[in-house]
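Spelled out, the chains give:
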Amino acid sequence: MKNTFDHPMPDAKGYFGEYGGRFVPPQLESILDEITAAYLAIREEPSFLDELSRLYRHYVGRPSPVFHARNLSAKYGADIYLKREDLNHTGAHKINHCLGEALLAKKMGKKKLIAETGAGQHGVALATAAALVGLECDIYMGEVDMHKEHPNVVRMLILGARVIPATHGRKTLKEAVDSAFEAYLGDPVNQLYAIGSVVGPHPFPMMVRDFQSIVGNEAKEQFRELTGGLPGNIVACVGGGSNAMGIFSAFLDDKAVALHGVEPSGRSLDEDGEHAATLTKGSPGVMHGFKSYMLKDTDGEPMEVYSVASGLDYPSVGPQHSYLKDIGRVQYAHINDQEAIDAFFELSRQEGIIPAIESAHAVAHALKLAKAGERGSILINLSGRGDKDIDFVVANYGAEYGVTNVP
Ligand SMILES: *Cc1c(COP(=O)(O)O)cnc(C)c1O
């Protein structure tokens, strides 16, 4: 199974309708043009496509299975299936685009991959790809996050990456973005800024989606083999939106398939700073180099956002999602912290699969759809595994679910 790269969107300037584009300092324009041209050229090259397929199959472990979750199906009264991105090497879908970006950087003669990371998931996936492909890797991370996500910092260091602390401001993701961006502007010739989702200036929303489209292409074929048809519904969580675009992309023209994106409503949808439900509560604007829905504070700056799932707390969203919302092709829903944690334990106990808290948002919404009697089967994109979350969940929620006396 190969990626498909022949999507009708975006246009040549990177627009999905009115969203996307490129809003960057002048010195970056030509660099981004070069990356776009290099990407459009290599995605036609059989040697690149063969190498990517080889790594997906023999390194990542693709195709990831589609699993019929029979226990959940019986309990909730709808046929529920899981696309098992949690089984990928490094534990989530992010490796799909990190490998693509690393191969592109290598082809372009870059020496180093750089990126920011919040919880460290993107950092670990990129450090992994850099080690494999033979590139240096600098990961910028807020000092506060480095303490919180200590195991991921250790992983990156073992993989040979440098982890550079952002020590100004609140010392979290926003400051890490600032530091990484500044470092990138210092040497955009020898470095590639590997963006971690379908966000950022053109060509990243297109390129990351294309690399993730393997998820949807596989799922479509696997679902047909299992059932003879198409799923009635597809559900995916949305942070920046890459796992969702990956699975949605293969089904956009199949109007019978209802697509559901799930944002985090955190602790409260009604209070600024307590959620990250960009498409539900945001409005169009420009940040981080592209136009999309965003959550703005009263000064028009990116709002502080929150979710129990650190992979979902981003104050904007990939521009294609904004377009798909406006044309009504995808329904965007929201799930709060408690519902996500309930689903985390429900999937663990019904199917023996511990999901990432991010993915648990998709599971929670799927179970809601099933209970509400939504027609047709439900395919959930299980974007990652929960190993990274177990200590946090048990410390904060264990007692509610009978997990006590943890040694
Ligand atoms: C990073 C992450 C996400 C959120 O990123 P998207 O670009 O929205 O897919 C979701 N699930 C997992 C497991 C992640 O690590």
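In this text, all values refer to a predicted model and were calculated from it rather than measured experimentally. (Residues numbered from 1 in each chain as written. Predicted model: local features only at pLDDT ≥ 70, side-chain atom pairs only at ≥ 80, totals over all residues. Heavy atoms only, no water.)

> An account of a negative patch on the surface is needed here, citing residue identities and associated values.
Together, D270, E271, D272, D297, D299 and E301 make up a region of like negative charge exposed at the surface. Here D297 shows up in the loop between strand 12 (290-294) and helix 12 (319-326). (Patch = residues over 30% accessible without salt bridge, like charges linked within 9 Å, V, L, I, M, F, W, Y side chains within 5 Å. Areas by Shrake-Rupley, 256 points an atom, 1.4 Å probe, with all protein chains shown as cover. Salt bridge = Lys/Arg side-chain N within 4 Å of Asp/Glu carboxyl O. Lys, Arg positive; Asp, Glu negative; His and termini not counted. Charge placed at Lys NZ, Arg CZ, Asp CG, Glu CD. Helix = DSSP H or I, 4+ residues; strand = E, 2+ residues; numbered from the N terminus.)

> How would you summarise the domain arrangement of the chain if you had to cite specific residues and measurements?
Interfaces are often sized by the amount of accessible area the parts lose when they come together. Partitioning the chain into domains gives domain 1 (16-58 + 94-205) and domain 2 (61-91 + 213-401). Averaged C-alpha coordinates put domain 1 and domain 2 at centres separated by 23 Å. On the side of domain 2, 32 residues touch domain 1, which itself brings 27 residues to the contact. Summed over both partners, the interface of domain 1 with domain 2 buries about 2400 Å², with 62% contributed by carbon and sulfur atoms. Counting across the interface, domain 1 meets domain 2 through two salt bridges. The partner of R170 in a salt bridge is E304, with the nearest N and O atoms 3.4 Å apart. (Domains from an automatic or database assignment. Contact = heavy atoms within 4.5 Å. Buried area = accessible area lost by both parts, 1.4 Å probe.)

> Explain the pairing of strand 4 (residues 80-84) to me, using residue names and the numbers behind them.
The two faces of a sheet get side chains in turn, since along a regular strand they alternate between them. Among the five residues in strand 4, five count as buried, and that is most of the element. Of the two faces of strand 4, the one carrying I80, L82 and R84 and the one carrying Y81 and K83 are both buried. Where strand 3 (residues 66-68) lies against strand 4, three bridges are found, and the strand directions are antiparallel. If you follow H68 over to strand 4, its bridge partner there is Y81. (Buried < 20%, exposed > 50% of the residue type's maximum accessible area, 1.4 Å probe, protein only. Pairing = 2+ DSSP bridges.)

> Go over the pattern of salt bridges with me, naming the residues and quoting the values.
Throughout the structure, instances matching the rule amount to 22 salt bridges. The closest approach of N and O atoms between R62 and E85, which form a salt bridge, is 2.7 Å. On the criterion of sequence distance, the pair formed by R62 in the loop between helix 2 (46-60) and strand 3 and E85 in the loop between strand 4 and helix 4 (94-107) is long-range, its members being 23 residues apart. In this structure, R62 and E85 share a single accessibility class: buried. The partner of R162 in a salt bridge is D138, with the nearest N and O atoms 2.9 Å apart. Residue R162 is found in strand 7 (residues 162-166), and its partner D138 is found in strand 6 (residues 136-142); the two are separated by 24 residues along the sequence.

> Outline the nonpolar core, supporting the account with residue identities and numerical values.
In globular proteins that are soluble, nonpolar side chains generally tend to be buried together. Within the largest apolar cluster, 85 residues are counted, with the highest numbers of intra-cluster contacts made by L113, I247 and F248. Of the domains in this structure, domain 1 (16-58 + 94-205) and domain 2 (61-91 + 213-401) are the two that each give at least three residues to this core. Ignoring anything within four residues of it in the chain, the contact list for F248 reads I234, A236, L259, H260, G261, H321 and V330. (Core = buried A, V, L, I, M, F, W, Y, C linked by side-chain atoms within 4.5 Å.)

> I'd like a description of the side chain of R62, backed by residues and values.
Given the relative accessible area of 4%, R62 is considered buried. One polar contact links R62 to S64, side chain to side chain, over a distance of 3.5 Å. Only 2.8 Å separates the side chain of R62 from the side chain of E218, close enough to count as a polar contact. In this view, R62 contacts Y56, R57, K83, E85, N88, N96, I214, V215 and E218; residues no more than four positions away in its chain are not counted. (Polar contact = N/O pair within 3.5 Å; in protein donor to acceptor, adjacent residues only side chain to side chain.)

> Give me the lowdown on the sheet that holds strand 14 (residues 378-382), citing residues and values where you can.
One open sheet accounts for six strands, arranged 3-4-14-9-10-13; its pairing is mixed. Taken across any chain shown, the strands that pair with only one partner, and hence form the sheet edges, are strand 3 and strand 13 (330-336). Taken pair by pair, the neighbouring strands of this sheet meet at an average axis angle of 25°, ignoring direction. (Axes fitted to C-alpha atoms, helices over the stretch in contact; angles between N-to-C directions.)

> With reference to specific residues and values, describe the sheet that holds strand 7.
Strand order in this open sheet of four strands is 7-6-5-8, and the pairing throughout is parallel. Of all strands in the sheet, those bounded by a partner on one side alone are strand 7 and strand 8 (191-193). Here the strands of the sheet are splayed against their neighbours by 25° on average, with no regard to which way each runs. Taken together, the five bridges between strand 6 and strand 7 define a ladder with parallel strand orientation. The partner of I139 across the bridge, within strand 7, is V163.

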